[in-house]
Structures are given as C-alpha cells and as structure tokens.
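Residues per chain, in single letters:
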Amino acid sequence: MSPDPRAELDPAARRWLGKDAEGLTEAEARVLKHARRRSVLIRRPAGDEQKTFGESLADQVASFGGSWTFIISFSVFLLLWAGANLWLLSQPFDPYPFIFLNLMLSMLAALQAPVIMMSQNRQAIKDRENAALDYEVNLKAEIEIMGLHEKLDRLRDEHIMTLIAKQQEQIDLLTSLVRKNDELGGGR
C-alpha cells in the first residue's frame, strides 16, 4: 500500500498555511508540491486549447458585434434602408414604419444575443481559470518569500552566534592576559 501523497505535505501545510494536509484544496496541494520540489508552477490555462468551429464563430461574432465597425456600418445600412424606402423608391418595398426592417432587426438580435453570450461564457471560464492560476502563483511566491525570510533569519542568527563566540574568545583571551599581568606583578 503506497503512502498518502498528501501526508508528505503535512509539515509544509502546517508550517506555511496553518492547516493539515487533509484540509488543503487541490490548488494549495499543487502549490506545496511545487514549492517543496522548487519547480516552476506555470502551466497553460485550459482555455488555450483548440476551439471548436462554433466557439470560434461565437468569438468572431462577439468581436465584430461589439466593435465600432459594426456600429458605424449598421447605422449606414439603416440610413440607406430608410432613405431608399422614404425618398428614392416610388414603390417602397418596406414603407414607413418599416415593419420588415423591424422583423429583420428582431431576428438579428434574437440570433446575435445568444451567440455573444456563448462567447462571454467562454471568456468568463477562461478568466476564472486565469484567476485560479494567478492565485496559485501568488501563493507559491508568498511561500517562497516566507522561506527566504526564514533562511535570512537563520543566517543572521548564525552570524550573531559566531560573533558572540568570537567575542567570548576575545574576552577569555583578555581575561587570561589580565591574570598573567596580575601574576607578574604588573597590575599595581
């Protein structure tokens, strides 16, 4: 029977995140594994894989439908439609109040809105995945920074202990020199 992979993360989980390995989320466990191995956490978000034809079409429709090119060209089309039916044609095919135009606009809106929503839903999923990835990277960076602080504190403590030991050696040497001087009678 193989040991529980989360059990080996227990000391790190308690130290850095203040909880047991069983209480870790999948993202936290992944971050701790990478931090222990000192490996890179970067991975591609899941939304970067190959899109289906429908997803690609939805993205293109949303991109064009939300652009100034669409707004300006559609405004020109509406003006030409109204102008042609009001002034240019003796027998207008869609007389005022433009019932056929309203029907076409309603159908366009009925088709365009769900397609744009599909694209927005895909974008929201990608945004959530990117936010989760950012969280993992930030958490790992925070753990690494705390580890560096501990290492610096340990180095500083070792340096201070070395200085204290050297200072004690010097005090002992001075003390022995003072005793020798006193024994030789030079301390009068």
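Scroll up for the structure.
Summarised in this report is the structure supplied together with it. Computed from a predicted model, the values in this text were never measured in an experiment.

### Description of the pattern of salt bridges
Argument step 1. Tallied over the full model, the rule gives 13 salt bridges.
Argument step 2. We note a salt bridge from arginine 122 to glutamate 55, for which the minimum N-O separation is 4.0 Å. One end of the pair, arginine 122, is in helix α5 (residues 99–183); the other, glutamate 55, is in helix α3 (residues 53–65), with 67 residues separating them in the sequence.
Argument step 3. Through salt bridges with shared partners, a single network forms among Lys51, Glu55, Asp59 and Arg122.

### Brief notes about the packing of aromatic side chains
Argument step 1. What the rule picks out here adds up to seven aromatic pairs.
Argument step 2. The rings of Phe64, Phe70, Phe74, Phe77, Trp81, Phe93 and Phe100 are connected pair by pair, giving a single aromatic cluster.

### A closer look at the packing of helix α1 (residues 10–17) against helix α2 (residues 26–37)
Argument step 1. One way to put it is that α1 packs onto α2 with a least axis distance of 10 Å and a crossing angle of 105°. With respect to α2, the element α1 is oriented roughly perpendicular. Where α1 approaches α2, its residues Ala12, Ala13, Trp16 and Leu17 are matched on the opposing element by Glu28, Leu32 and Arg36.
Argument step 2. Grouping the constituent residues of the contact of α1 with α2 by class yields five nonpolar, no polar and two charged.

### A look at the environment of serine 56
Argument step 1. Within the secondary structure, serine 56 is located in helix α3.
Argument step 2. As a C-alpha pair, serine 56 and serine 119 span 63 residues in sequence and 8.6 Å in three-dimensional space.

### So, the nonpolar core
Generally speaking, a soluble globular protein has its nonpolar side chains buried in company with each other.
Argument step 1. If you look at the biggest cluster of nonpolar residues, it comprises 13 residues, and the most contacted ones within it are Leu9, Trp16, Leu24, Val31, Leu32 and Ile143.
Argument step 2. For this core, the elements supplying multiple residues, two or more each, are α1, α2 and α5.
Argument step 3. Considering every element that reaches this core, the biggest residue donor is α2, with four residues.
Argument step 4. Each residue touching valine 31, except ones within four places of it in the same chain, is listed here: Leu41, Glu136, Leu139, Lys140 and Ile143.

Reading guide: rules and limits
- Residues numbered from 1 in each chain as written.
- Predicted model: local features only at pLDDT ≥ 70, side-chain atom pairs only at ≥ 80, totals over all residues.
- Heavy atoms only, no water.
- Salt bridge = Lys/Arg side-chain N within 4 Å of Asp/Glu carboxyl O.
- Helix = DSSP H or I, 4+ residues; strand = E, 2+ residues; numbered from the N terminus.
- Phe/Tyr/Trp six-rings, centres within 6.5 Å; stacked < 30°, edge-to-face > 60°.
- Axes fitted to C-alpha atoms, helices over the stretch in contact; angles between N-to-C directions.
- Parallel < 35°, antiparallel > 145°, perpendicular 65-115°, else oblique.
- Contact = heavy atoms within 4.5 Å.
- Nonpolar A, V, L, I, M, F, W, Y, C, P; charged D, E, K, R; others polar.
- Core = buried A, V, L, I, M, F, W, Y, C linked by side-chain atoms within 4.5 Å.
- Buried < 20%, exposed > 50% of the residue type's maximum accessible area, 1.4 Å probe, protein only.

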